[in-house]
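Structural overview
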Amino acid sequence: MINLINIDKSYKVGNEKITIFSQYNLMIKDGEKVLISGPSGSGKSTLLNIMSTIDTCDSGDIIFGDINISKCSKKMTSDLRLNNFGFIFQSYHLIKTLNVHDNILLPIIAAGKEIDNNYIDELINKLGISERLNHFPYQLSGGEQQRVAIARAMVNKPNIIFADEPTGNLDRNNSKYVMEALIDLCESQGTTLIMVTHDLSLSSYFDRVVSIDKEKEA
Ligand SMILES: Nc1ncnc2c1ncn2[C@@H]1O[C@H](COP(=O)(O)OP(=O)(O)OP(=O)(O)O)[C@@H](O)[C@H]1O
Ligand SMILES: [Mg+2]
């Protein structure tokens with residue numbers, strides 16, 4: 001479970017204070033698939049970044065299981081990200097100088113964990129990238145790069161996947177392929193999926209849609 005309690009977040013631009021969240025609350029259960037929607041600039045990425053410890057809030061608590069993330073040291077949040085969270089971004093963020101195989105294994109090596117070859121085989125087969133393991137990111141299409149990024153995000157068997165517009169650069173067919181693979185993997189692993197998108201046609205893949213503007217007005 002991840003629970004946001006009375007979150008405040010604002011930015012200072014010059015002398016002006018821009019409030020993005022004021023006393024904002026959100027609870028997401030284990031294994032839930034939640035889509036976060038809202039207009040551009042409404043704070044979707046900010047919310048995802050606060051929840052996933054990439055960004056901090058001004059006040060409020062973020063509770064993950066029995067840990068109060070907002071009170072954790074930097075070392076604790078970085079361990080939490082490595083071991084419990086997986087990330088997928090619009091622009092893939094693969095390491096250009098590493099082949100597909102090494103990109104996927106990177107989080108395992110960083111965490112010093114043992115490699116579970118059966119699980120990795122399952123991931124690459126489900127994502128349809130088994131023929132691509134020796135290729136470098138520049139040799140892959142956008143859809144293929146995103147499938148590699150999903151394998152990398154899932155490799156440490158995270159509790160939560162945070163995805164910010166993961167289909168934003170993909171055409172309709174690739175978007176469908178990526179979404180189906182992501183949902184299938186999350187369901188088979190019991191992984192919570194928290195995903196930001198503009199594309200409300202993807203809502204049928206999710207248990208719940210959180211509309212930021214609506215929540216803010218409530
Ligand atoms: N570092 C910053 N300094 C000042 N303002 C910021 C900063 N980061 C974000 N903002 C502002 O906060 C608001 C929310 O930004 P955010 O990126 O979360 O929106 P978003 O809903 O993800 O938008 P998009 O759909 O375009 O990605 C925007 O008005 C943005 O300009
Ligand atoms: Mg955004």
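Now for a quick tour of the structure.

Some thoughts on the overall build of the chain
Each helix and strand in the chain was counted, giving 7 helices and 9 strands. Against the 2.2 N^0.38 benchmark of 17 Å for 218 residues, the chain shows a C-alpha radius of gyration of 17 Å, consistent with a compact globule. In terms of principal-axis extent, the alpha carbons of the chain reach across some 50 × 35 × 35 Å. Within the chain, the fraction of its 218 residues that count as buried is 34%. Within the chain, contacts between residues at least 6 apart in sequence are counted, and of these 74% link residues at least 24 apart.

Looking at the sheet that holds strand β6 (residues 85–89)
A sheet is described by the order of its strands in space; here 5 strands give the open sequence β6-β7-β8-β3-β9, paired in parallel fashion. Two strands in the sheet have a free side with no partner beyond their single neighbour: β6 and β9 (208–211). Ignoring strand direction, the axes of neighbouring strands in this sheet form an average angle of 15°. Looking at chain direction, strand β3 (residues 33–37) and strand β8 (residues 192–196) are connected through 4 bridges and run parallel. Bridge assignment links K33 to a residue of β8, and that residue is L193.

Some thoughts on the packing of helix α5 (residues 142–154) against helix α6 (residues 172–189)
For the pair α5 and α6, the least separation of the axes is 10 Å and the interaxial angle reads 15°. Between α5 and α6, the interaxial angle falls into the category roughly parallel. Note that α5 runs across α6; the crossing there is right-handed. On the side of α5, the interface is formed by G142, G143, Q146, R147, I150 and M154, while α6 contributes N174, Y177, V178, A181, L182 and L185. Here the residues of the contact of α5 with α6 are counted per class, giving 7 nonpolar, 4 polar and 1 charged.

A short note on the site of ligand 1
Every residue near ligand 1 is listed here: Y11, V13, I18, I20, G38, S40, G41, S42, G43, K44, S45 and T46. Those elements that place two or more of their residues in the shell around ligand 1 are β1 (2–13), β2 (16–28) and α1 (44–51). By residue number, the principal contributor to the shell around ligand 1 is α1, which donates 3 residues. Here the residues of the shell around ligand 1 are counted per class, giving 4 nonpolar, 7 polar and 1 charged.

Focus: the environment of S130
Inspection of the secondary structure assignment puts S130 in the loop between α4 (117–126) and α5. For S130 and D171, which are 41 residues apart along the polypeptide, the C-alpha to C-alpha distance reads 22 Å. Residues within four places of S130 in sequence aside, it is in contact with I124 and N125.

Some points on the packing of helix α3 (residues 100–111) against α5
Contact geometry of α3 with α5 gives a least axis separation of 7 Å together with a crossing angle of 30°. Here α3 lies roughly parallel to α5, going by the angle between them. Every pair of crossing elements has a handedness; the one defined by α3 and α5 is right-handed. Across the interface between the two elements, V100, N103, I104, L106 and P107 of α3 pack against V148, A151 and R152 of α5. Here the contact of α3 with α5 is composed, by residue class, of 6 nonpolar, 1 polar and 1 charged.

Looking at the pairing of β3
In terms of strand pairing, β3 meets β9 through 4 bridges, oriented parallel. Bridge pairing links V34 to R208 in β9.

As for the nonpolar core
Ranked by size, the top nonpolar core spans 51 residues in total, and within it M51, I150, A151, F162 and I194 carry the most contacts. With residues near it in sequence (within four places) discarded, I150 still touches I88, L127, A181, L182 and L185.

Reading the values: the criteria
- Residues numbered from 1 in each chain as written.
- Chains lettered and ligands numbered in written order.
- Predicted model: local features only at pLDDT ≥ 70, side-chain atom pairs only at ≥ 80, totals over all residues.
- Helix = DSSP H or I, 4+ residues; strand = E, 2+ residues; numbered from the N terminus.
- Rg over C-alpha atoms; globule rule 2.2 N^0.38 Å.
- Buried ≥ 20, exposed ≤ 12 C-beta atoms within 10 Å, placed from the backbone.
- Contact = placed C-beta atoms within 7 Å.
- Pairing = 2+ DSSP bridges.
- Axes fitted to C-alpha atoms, helices over the stretch in contact; angles between N-to-C directions.
- Parallel < 35°, antiparallel > 145°, perpendicular 65-115°, else oblique.
- Left-handed = near helix turned anticlockwise from the far one by under 90°.
- Nonpolar A, V, L, I, M, F, W, Y, C, P; charged D, E, K, R; others polar.
- Near = placed C-beta within 6 Å.
- Core = buried A, V, L, I, M, F, W, Y, C linked by C-beta atoms within 7 Å.

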